[in-house]
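Close look at the chain arrangement
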Amino acid sequence: MVEWVGVKIVFHEKYKLVYAYDPAAKAGRIESIVEALEGYEFVTPEPAAADDISSVHSQSLIDSVKRSQFVFEMASLAAGGAIMTGELALNEPAFGLIRPPGHHAGRHFNGGFCFFNNMAIAVQKLILEKKIDKALIVDIDLHYGNGTDDILSGRGDIVFLNMVCQGRQDYLSQLQESLALSKGYDIVGVSAGFDTYEKDWGRSLKTEDYHAIGNLIKEAATSCRGRRFALLEGGYYIADLGKNVRSFLEGLE
Ligand SMILES: [Zn+2]
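Quick look at the structure, then.

**Remarks on the coordination of the zinc ion**
Around the zinc ion, the protein contributes the donor atoms Asp141 (OD), His143 (ND1) and Asp195 (OD), which lie 1.9 to 2.1 Å from the metal centre. Summarised as a motif, the one-chain spacing of the donors to the zinc ion is D-x1-H-x51-D. Aspartate 141 gets classed as buried once you look at its relative accessible area, which sits at 2%. By relative accessible area, histidine 143 is classed as partly exposed at 29%.

**A closer look at unusual backbone geometry**
The omega angle of the peptide bond from arginine 99 to proline 100 is 0°, so this bond is cis rather than trans. A positive phi is found at lysine 130, a non-glycine position, where the angle reads about 60°. Note on placement: lysine 130 falls in the loop between α5 (118–128) and β4 (135–139). Accessibility expressed as a relative area gives 72% for lysine 130, which makes it exposed.

**A closer look at the sheet that holds strand β7 (residues 228–232)**
Taken together, 7 strands build an open sheet; the order of strands is β2-β1-β3-β7-β6-β4-β5 and the sheet is parallel. Either end of the sheet is taken by a strand with one partner, and the two such strands are β2 (42–43) and β5 (158–162). Here strand β6 (residues 187–192) pairs with β7 via 5 bridges, running parallel. What sits directly across from glycine 189, in β7, is phenylalanine 229.

**Details of the nonpolar core**
The biggest cluster of nonpolar side chains holds 81 residues, and the ones touching the most others in it are Phe95, Val138, Ile140, Ile213, Phe248 and Leu249. The leading source of residues in this core is helix α4 (residues 69–88), at 9 residues. Contacts of valine 138, omitting those with residues within four sequence positions, involve Leu161, Met163, Leu175, Leu179, Val188, Gly189, Val190, Ser191 and Ile217.

**Quick look at the environment of glycine 147**
Among the structural elements, glycine 147 can be located in helix α6 (residues 146–152). With a relative accessible area of 0%, glycine 147 lands in the buried category. In sequence terms glycine 147 and asparagine 117 are 30 residues apart; their C-alpha atoms lie 6.9 Å from each other. Those residues in contact with glycine 147 that lie beyond four places of it in its chain are His103, His104, Ala105, Gly106, Phe109 and Asn117.

**Description of the environment of glutamine 174**
Counting through the fold element by element, glutamine 174 comes out in helix α7 (residues 168–181). In this structure the C-alpha to C-alpha distance between glutamine 174 and valine 164, which are 10 residues apart in sequence, comes to 9.1 Å. With residues up to four places along the chain from it excluded, the contact list for glutamine 174 reads Met163, Val164 and Gln166.

**Topic: the side chain of aspartate 240**
With respect to the helices and strands, aspartate 240 occurs in helix α9 (residues 238–252). Not counting chain neighbours up to four residues away, the residues in contact with aspartate 240 comprise Tyr197 and Lys199.

**So, the packing of helix α1 (residues 29–36) against α9**
In the contact formed by α1 and α9, the axes pass within 8 Å of each other and the chain directions differ by 40°. Classified by the angle between their axes, α1 and α9 sit oblique to one another. In this structure, α1 meets α9 at a crossing whose hand is right-handed. Facing Arg29, Ser32, Ile33 and Ala36 of α1, the residues of α9 in contact are Ile238, Leu241, Gly242, Lys243, Val245 and Arg246. For the contact of α1 with α9, a count of residues per class yields 5 nonpolar, 2 polar and 3 charged.

How each quantity is defined
Residues numbered from 1 in each chain as written. Predicted model: local features only at pLDDT ≥ 70, side-chain atom pairs only at ≥ 80, totals over all residues. Heavy atoms only, no water. Donors = N, O, S within 2.8 Å, 3.2 Å for Na, K, Ca; no water. Buried < 20%, exposed > 50% of the residue type's maximum accessible area, 1.4 Å probe, protein only. Helix = DSSP H or I, 4+ residues; strand = E, 2+ residues; numbered from the N terminus. Pairing = 2+ DSSP bridges. Core = buried A, V, L, I, M, F, W, Y, C linked by side-chain atoms within 4.5 Å. Contact = heavy atoms within 4.5 Å. Axes fitted to C-alpha atoms, helices over the stretch in contact; angles between N-to-C directions. Parallel < 35°, antiparallel > 145°, perpendicular 65-115°, else oblique. Left-handed = near helix turned anticlockwise from the far one by under 90°. Nonpolar A, V, L, I, M, F, W, Y, C, P; charged D, E, K, R; others polar.

Following this line, the structure appears as structure tokens:
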């Protein structure tokens, strides 16, 4: 297995723009993570193409997002960041420091601060381009990744693990067990929400737990040539968000 050092960060300055009145779009949220990731290599993505978005969403959902050109541009840029992150992960670990988040966006619906499903778009593109056959998606956000489930579950080429937190210790051992039971995938993608943090809405996980989670994902990826990536989803306790993202990435790298 190839050993890589560091995780490449996919980021666009426009992710700092405030495009909505929701906690994911809050001013200062993205800046807090950028600040904590000093020393990492950043690369800049392009917006997703129309075909990439329509590979997982219905035209009526896309049209509803287009009612605001600004939101549509931001959601397309986040999806483009996700695509770039997934493609980088074929050769090196990568993190999409993107927003708006995506895991609550299904084929025909969206909500929960999400517009397009970044993870589904990224994984679908890798599969359609035959760069991978099968993906393992792990959702560690506090909330159920209903959009990802809607789009990707029930397919033979996707294993979707949605983690539910019922206490710290349990969480890590459950994740470890679930990962051990998952087999035959070519890449691991993490929907990385940080809202299960002890000072965030979920009131559970500590900063070092994110390091442990990152490490478990890295271990799981040894069975797929180290191919692993993560995309930012939730996480609203801005004072510690950057610290938690960094802890996760230090475990993942
Ligand atoms: Zn969440």
